[in-house]
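Tertiary structure, described
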Amino acid sequence: MPDQRGYPSGIYGPGNGPPDDLAAMDRDAAAGNDPSWLSGPYLEMSERWQPMLVCMGGTQAFREGAGYLLPIEPKEDEAAWRRRVSHAVLSPYTMRIADQAAGLIMRKPVQIEPKEEGGEVDEYWTEWIQNVDGYGTDLDAFARRVVLNSLLLGHSGILVDFPTTEPAENLLQERQLGLRPYLLEVRADQILGWRKEGDSPLSPVNQIRINEYVTEPVGQFGDRVVQQIRVLERGSYQIWRKGEDGWALYQEGTTSLPVIPLAVTYSGKLSELMSVPPLLAIANLNILHAQRQADLQHALHVAALPVMYLKGYEDSGDEIALSANSAILLPETGDVGYAEPASSAFESQQNFITELENQMRNLGISTLFSQTYVGETAEAKAMDRSDSDSMLAVVSQDLENALQNAIDMAAAFVGIEAPKVCVSRDFDLQKLDGQQVGQYMSMWQNGAITHQTLLEILSRGEILPDIDIESEIEMIESSKLAGLDLQAAGGIPGEEEEDEEAEDTDAGEEQDSEVRQEVLRRLRATLDENSEEEDE
């Protein structure tokens, strides 16, 4: 029997299925006409998103969720509980790991190249990638934001849209009117539900509902936030807005694309539009760390105010004055002091917090926490990086596919051939050390490698900046040739031809030697600058 819940059967394992009230929602006839209805897969993923959203929201989200994250203790006064919550802080471990992972993936700019060898990229795309969303965001910054949310929530979408105006007669008029496709980021928790044509996993998606919030002007100066649901289907769209009488169709129209203009990139894919956040384990540890940190902070706050005890004192009901100008009369067997907890209790709590921090570091990407320049073999570096590189490579490849899909759809809107999108998968941040640079320079001096190969190796090893190597070689050689021409201009004319041939040979050898000396001088200067930066 085909699954009637709108998502493929067999996805959920024992004890990990959709919510219990999903059947009741299916029996509610009104749910089928509510564009904001949450589908079963959405509800399932939302349970995994909850820890991620808390970490994404930071300390504010942690305090707002204190009712279940920092529950009130038995016999604890509500005012005291609120003070305890106001002191709680969520350290941004999860966000830092995700941000650094996104930085590794996007450490080099996204390149656009012609799809065919020998072709050229249309100037339209060179200009378009400088502002892909209509707000001045370039393709690199937009892609970094998309991949960051993909790492945090499991997947993220790129919606390709086009201004809803009368179509231009030609491309020139389109540019004059400012009509151009633009990209919108769609987070995973915005996609409320979707439908497929059939029960087969290969069936294409024919409907997607996206939750959005827009602002409307109110009066002369005010505005208000309005919730709307964008319903995308192949070749058409609808926008629903909620008013006093419920949801109503606000806008609808057609598109020139035969597909739904949404490209999706994944970091923990389960099936189409379903995923698991890859940093979920770290997020749970991050929340536990904040809870224990809040407990320790509260305990230290209480311990900093010890309680006075009086042994043998007869309580007369009068207030006791505590100052240098007053005294307390006690019997001979009496005593006075302060009761305070043992320091070992705080040490054990602090040790547990430190262990949580170590676990988060170990679960994170190893290259984000430490970088070794010496004392480690290439094989050891490769083994330590294999897991993280494989994960980053998968996410990077999926991002590249999503960007390519999005630009292909944008090209279909304007009728211009799309370029090829290339996302670098060079995640190695290990710089060449001084010994390695010296070995490569020695190989070049002995003629084992060419000048161009040497510069390419140094550029990949983060010793040289991102330069045009061929142009650099040409400039070095041309500057040396100019210097040789000036020397030749001051020579003595009328020498014999044999002497001239010998001088030409010597000049060629001298030119090659001077070129090498100039390159060596520049490399040594670069190495000195890098050494000074490392010392600082």
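Before any of the text, the structure's been laid out above.
Everything numeric in this text was worked out from a predicted model, so none of it was measured. (Residues numbered from 1 in each chain as written. Predicted model: local features only at pLDDT ≥ 70, side-chain atom pairs only at ≥ 80, totals over all residues. Heavy atoms only, no water.)

Consecutive residues of a regular strand have side chains that alternate between opposite faces of the sheet. Two elements, strand β7 (residues 236-243) and strand β8 (residues 246-254), share 8 bridges in a ladder whose sense is antiparallel. The residue bridging Gln 238 from the neighbouring strand is Glu 252, located in β8. Where β7 folds back onto β8 in an antiparallel hairpin, the turn is made up of 2 residues. (Pairing = 2+ DSSP bridges. Helix = DSSP H or I, 4+ residues; strand = E, 2+ residues; numbered from the N terminus.)

Here the focus is the pattern of salt bridges. Throughout the structure, instances matching the rule amount to 15 salt bridges. Lys 196 is the partner of Glu 272 in a salt bridge, and the nearest nitrogen-oxygen pair spans 3.4 Å. Placement of the pair is Glu 272 in the loop between β10 (269-271) and β11 (274-275) and Lys 196 in strand β4 (residues 191-196), with a sequence separation of 76 residues. A salt bridge links Arg 230 to Glu 212, with the shortest nitrogen-to-oxygen separation between them at 2.8 Å. In this pair, Arg 230 sits in strand β6 (residues 222-233) while Glu 212 sits in strand β5 (residues 205-218), placing the two residues 18 residues apart along the sequence. A single burial state applies to Arg 230 and to Glu 212, both of which are buried. (Salt bridge = Lys/Arg side-chain N within 4 Å of Asp/Glu carboxyl O. Buried < 20%, exposed > 50% of the residue type's maximum accessible area, 1.4 Å probe, protein only.)

Note that Asn 211 resides in strand β5. For Asn 211, a relative accessible area of 13% gives the class buried. Not counting residues up to four positions away in its chain, the partners in contact with Asn 211 are Gln 190, Leu 192, Gln 227, Gln 228 and Ile 229. (Contact = heavy atoms within 4.5 Å.)

Strands sit in the order β3-β2-β9 across an open sheet of 3 strands; the sheet is antiparallel. If you trace the sheet from one side to the other, it starts and ends with β3 (182-187) and β9 (262-266), each paired once. Adjacent strand axes in the sheet meet at a mean angle of 25 degrees when their direction is disregarded. As paired elements, strand β2 (residues 155-161) and β9 share 5 bridges and run antiparallel to each other. (Axes fitted to C-alpha atoms, helices over the stretch in contact; angles between N-to-C directions.)

Take it as geometry only, folks, not as evidence of what the structure does.
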